[in-house]
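Residues per chain are reported as follows:
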Amino acid sequence: MTVRFGAVTVDWFGLATIRLEGQTGAVIYVDPGPETYGVLDGLEPRDGDLILVSHDHHYDPDSIRRVAHEDAIVVVHESIDAREIDRQVEQPESLPFEVERVRADESFVLGPLDLFTTPAYNDPAGPHVDETGTPFHPEGQGCGFAVTVDGVSAFWPGDTDVLPFHEEMDIDLFCPPVGGTFTMDRHEAADLADRIRPDLVLPVHYDTFEAIEIDADAFVVDVANRGVPVVLDEQN
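Described below are features of the structure shown in this document. Remember, predicted model here, so these are calculated numbers, not experimental data. (Residues numbered from 1 in each chain as written. Predicted model: local features only at pLDDT ≥ 70, side-chain atom pairs only at ≥ 80, totals over all residues. Heavy atoms only, no water.)

## Looking at the overall build of the protein
A count of helical and extended segments in the protein gives 3 helices and 13 strands. A globule of 236 residues ought to have a C-alpha radius of gyration of about 18 Å, and the protein, at 16 Å, matches this closely. Based on the C-alpha atoms only, the size of the protein along its principal axes is roughly 45 × 45 × 35 Å. Counting only residues that meet the buried cut, the protein has 54% of its 236 residues in that class. Sequence-distant contacts, at least 24 apart, represent 58% of the contacts inside the protein between residues at least 6 apart. The protein carries 13 positive and 48 negative side-chain charges, and their two centres are separated by 2 Å. (Helix = DSSP H or I, 4+ residues; strand = E, 2+ residues; numbered from the N terminus. Rg over C-alpha atoms; globule rule 2.2 N^0.38 Å. Buried < 20%, exposed > 50% of the residue type's maximum accessible area, 1.4 Å probe, protein only. Contact = heavy atoms within 4.5 Å. Lys, Arg positive; Asp, Glu negative; His and termini not counted. Charge placed at Lys NZ, Arg CZ, Asp CG, Glu CD.)

In structure tokens, the structure reads:
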């Protein structure tokens, strides 16, 4: 289903793939693909004005081509390097679009859109590490994105743990990863939503594959019981 929130419509297609569209027509895609997980199967809208890619796990040129129109701007985290990805992909600069690399903790304006990035990583001393103790998402290897569309500020924190600065975020629409294993889990995300108090929570990054399967209804009940508006988009 399409979620309507103020002047913005939101669609979640699976994993971290989010589409935002403002009333004035701006279309933003966050982390489209990768095609491995089939989140864009049968879809080639090519209507995206702005494509945001948070880190290498979510970088997929084929999916970007599916959603971006010919004049799109593609914004990728500075760390993304095709040579370090375990799939055969081209460097972002080889894409037939205007490509901008960004650091975490950076702000800028793109046409009618205000955009800023945030750090996104797993704490080496936390639970989201591999069998060698290495974080699944090391610090400096990715970012979150906050974008304001027609007066609505939307925040996707990236593949990350809950970080201290998150509770200072002042945003309208919060799209947290809730699948655990590689990111914050549903309990941590609910606690964070309670501290941020956004106008709406729409969870993402769960149920796309076995390692991030959760009880989404339990998350909704948890967040709603804290007096925070929450909605699921489970079209997939």
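## Structural notes on the nonpolar core
One finds Ile 18, Leu 20, Leu 173 and Leu 202 to be the most contacted residues of the largest nonpolar core, which totals 53 residues. Not counting chain neighbours up to four residues away, the residues in contact with Leu 173 comprise Phe 5, Val 10, Leu 20, Ser 153, Ala 154, Phe 155, Leu 200 and Leu 202. Grouped together as the second largest cluster of nonpolar side chains are 23 residues, Tyr 29, Val 39, Val 74 and Ile 212 included. (Core = buried A, V, L, I, M, F, W, Y, C linked by side-chain atoms within 4.5 Å.)

## A word on the pairing of strand S10 (residues 143–149)
Burial runs high along S10: 6 of the 7 residues are buried. Across 6 bridges, strand S9 (residues 113–119) lies against S10 in antiparallel orientation. Bridged to Phe 116 within S10 is Ala 146. Pairing analysis gives 5 bridges linking S10 to strand S11 (residues 152–156), with the strands arranged antiparallel. Its bridge partner lying in S11, Phe 145 is registered against Trp 156. Linking two consecutive strands that pair antiparallel, namely S10 and S11, is a turn of 2 residues; a positive phi of about 50° is found at Asp 150 within it. (Pairing = 2+ DSSP bridges.)

## Here's the deal with the packing of aromatic side chains
The full count for this structure, using the stated rule, is 5 aromatic pairs. Arranged with centres 4.8 Å apart and planes meeting at 75°, the rings of Phe 136 and Phe 182 form a pair that is edge-to-face. Taken together, the residues span a long stretch of sequence, with Phe 136 in the loop between S9 and S10 and Phe 182 in the loop between strand S12 (173–174) and helix H2 (186–196) at a distance of 46 residues. Considering the side-chain rings of Phe 182 and Phe 209, the 6.2 Å spacing of their centres and the 55° angle between planes classify their relative orientation as tilted. (Phe/Tyr/Trp six-rings, centres within 6.5 Å; stacked < 30°, edge-to-face > 60°.)

## Digging into the sheet that holds strand S2 (residues 8–14)
Strands sit in the order S1-S2-S3-S4-S5-S6-S7 across an open sheet of 7 strands; the sheet is mixed. Looking along the sheet, the strands with just one partner apiece sit at the ends: strand S1 (3–5) and strand S7 (98–102). In this sheet, adjacent strand axes meet at a mean angle of 20° when their direction is disregarded. Here strand S4 (residues 27–30) pairs with strand S5 (residues 48–53) via 3 bridges, running parallel. Of the residues in S5, the one forming a bridge with Tyr 29 is Ile 51. (Axes fitted to C-alpha atoms, helices over the stretch in contact; angles between N-to-C directions.)

## Focus: unusual backbone geometry
Omega for the peptide link from Gly 33 to Pro 34 comes to 0°, which places this bond in the cis form. Mapping Pro 34 onto the fold places it in the loop between S4 and S5. The phi angle at Leu 15 is positive, at roughly 45°, despite the residue not being glycine. Among the secondary structure elements, Leu 15 is positioned in the loop between S2 and strand S3 (17–22). The buried category is assigned to Leu 15, whose relative accessible area is 3%. Not every positive phi belongs to a glycine, and Arg 197 is a case in point at roughly 60°. For Arg 197, the location among the structural elements is in the loop between H2 and strand S13 (200–201). On the basis of relative accessibility, which here comes to 40%, the residue Arg 197 falls in the partly exposed class.

## Focus: the pattern of salt bridges
Counting across every chain of the model gives 13 salt bridges. Linking Glu 90 and Arg 65 is a salt bridge whose minimum nitrogen-to-oxygen distance equals 3.0 Å. One end of the pair, Glu 90, is in the loop between strand S6 (68–77) and S7; the other, Arg 65, is in helix H1 (residues 61–67), and 25 residues separate them in sequence. By relative accessible area, which is 28% here, Arg 65 ends up partly exposed. The network of salt bridges with common partners includes Asp 191, Asp 194, Arg 197, Asp 222 and Arg 226. (Salt bridge = Lys/Arg side-chain N within 4 Å of Asp/Glu carboxyl O.)

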